[in-house]
Amino acid sequence: IIGVIIPQLIDSVVSIYNLIMKKLVVLTGAGMSAESGIRTFRDSDGLWEEYNVMDVCTPEAWQRDPELVNRFYNERRKQLYEAQPNAGLAELEKDFDVQIITQNIDDLHERAGSTKVLHLHGELKKVRSSRNPDLIYDLDGWELKLGTKAEDGSILRPHIVWFGESVPNIEPAI
């Protein structure tokens, strides 16, 4: 009988702890990535100094020059694989129920140990169908070979919310 009561007691204590644990929502952006050495878009030496946003971060750019857009995101992924996360916010999970809502497209929060991260603008290590935004795949490695196809036959593109596209995770963020 003790073998039945103890697990139930532990489950009850965990449930009570989760109810009283303080909730914390953290909004993050480029500063978190910059601390790990990731080039940001708007800094003085940022990516927009080197690239025109309309040439690499819009659906029209993808239609016009998918090779350039693909190379741009492959470079971002390669840099990400070389970056090391900083513990930062993951430490808060010891004392709080933390939900991170980030504009960042990297996985540095997750690699640092954060368990509840919502990416508003997509995820760099994922790709998706050009036709169906719900067909999302983890990318193995940093390089997406241009012309790789999704199961619906369309070309895979970066799983990034580009300028001019709606933000699918905005509702869960609210």
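The notes below deal with the structure included here.

Parameters at a glance
Residues numbered from 1 in each chain as written. Predicted model: local features only at pLDDT ≥ 70, side-chain atom pairs only at ≥ 80, totals over all residues. Heavy atoms only, no water. Pairing = 2+ DSSP bridges. Helix = DSSP H or I, 4+ residues; strand = E, 2+ residues; numbered from the N terminus. Axes fitted to C-alpha atoms, helices over the stretch in contact; angles between N-to-C directions. Contact = heavy atoms within 4.5 Å. Salt bridge = Lys/Arg side-chain N within 4 Å of Asp/Glu carboxyl O. Buried < 20%, exposed > 50% of the residue type's maximum accessible area, 1.4 Å probe, protein only. Expected span 1.5 Å × (residues − 1). 1 Å grid on protein atoms, 1.4 Å probe; cavity = no way out; pocket = protein on both sides within 12 Å on 5 of 7 lines; lining within 4 Å. Points joined across faces, edges and corners; volume = space filled by probe spheres on them. Nonpolar A, V, L, I, M, F, W, Y, C, P; charged D, E, K, R; others polar.

Let's shift gears to the sheet that holds strand 4 (residues 122-129). Taken in spatial order, the three strands make up an open sheet running 5-4-6, and their pairing is antiparallel. The open sheet terminates on both sides in strands that have one partner only, identified here as strand 5 (136-138) and strand 6 (156-160). If you compare each strand with its neighbour and ignore which way they point, the axes differ by 45° on average. Here strand 4 runs beside strand 5; their pairing, made up of three bridges, is antiparallel. By the bridge assignment for strand 5, Val-127 is matched with Tyr-137. This element, helix 6 (residues 66-82), spans strand 4 and strand 6 of the sheet and lies at about 140° to strand 4.

What follows covers the sheet that holds strand 3 (residues 117-119). Taking strand neighbours across the sheet as the criterion, the three strands line up as 1-2-3 in an open arrangement whose pairing is parallel. At either margin of the open sheet sits one strand with a lone partner, and together these are strand 1 (22-28) and strand 3. Mean inter-strand twist for the sheet, computed between neighbouring axes without regard to direction, equals 15°.

Attention now moves to the environment of Leu-108. Positionally, Leu-108 belongs in helix 7 (residues 108-112). C-alpha separation for the pair Leu-108 and Met-32, spaced 76 residues apart in sequence, amounts to 8.4 Å. Ignoring anything within four residues of it in the chain, the contact list for Leu-108 reads Ser-33, Ser-36, Ile-38, Leu-80, Ala-83, Gln-84 and Pro-85.

With that settled, consider the pattern of salt bridges. Inspection of every chain in the model, using the stated rule, returns eleven salt bridges. For Asp-55, the salt bridge identified is with Arg-64, shortest N-O distance 3.8 Å. Assessed through its relative accessible area of 33%, Asp-55 is described here as partly exposed. Through salt bridges that share partners, Lys-23, Asp-97 and Lys-116 make up one connected network.

Look at helix 6: 24 Å from first C-alpha to last across 17 residues, which is about the 24 Å you get at 1.5 Å a residue. Turning to helix 6, its buried residues number three or more, namely Leu-68, Val-69, Asn-70, Phe-72, Tyr-73, Asn-74, Arg-76, Arg-77, Gln-79 and Leu-80.

Counted by the stated rule, this structure contains one cavity of 30 Å³ or more. Here the largest cavity is characterised by a volume of approximately 90 Å³. Elements that contribute at least two residues to the lining of the largest cavity include exactly helix 2 (30-34) and helix 7. Among the elements that line the lining of the largest cavity, the one with the most residues is helix 7, at three residues. Partitioning the lining of the largest cavity into residue classes produces seven nonpolar, six polar and one charged.

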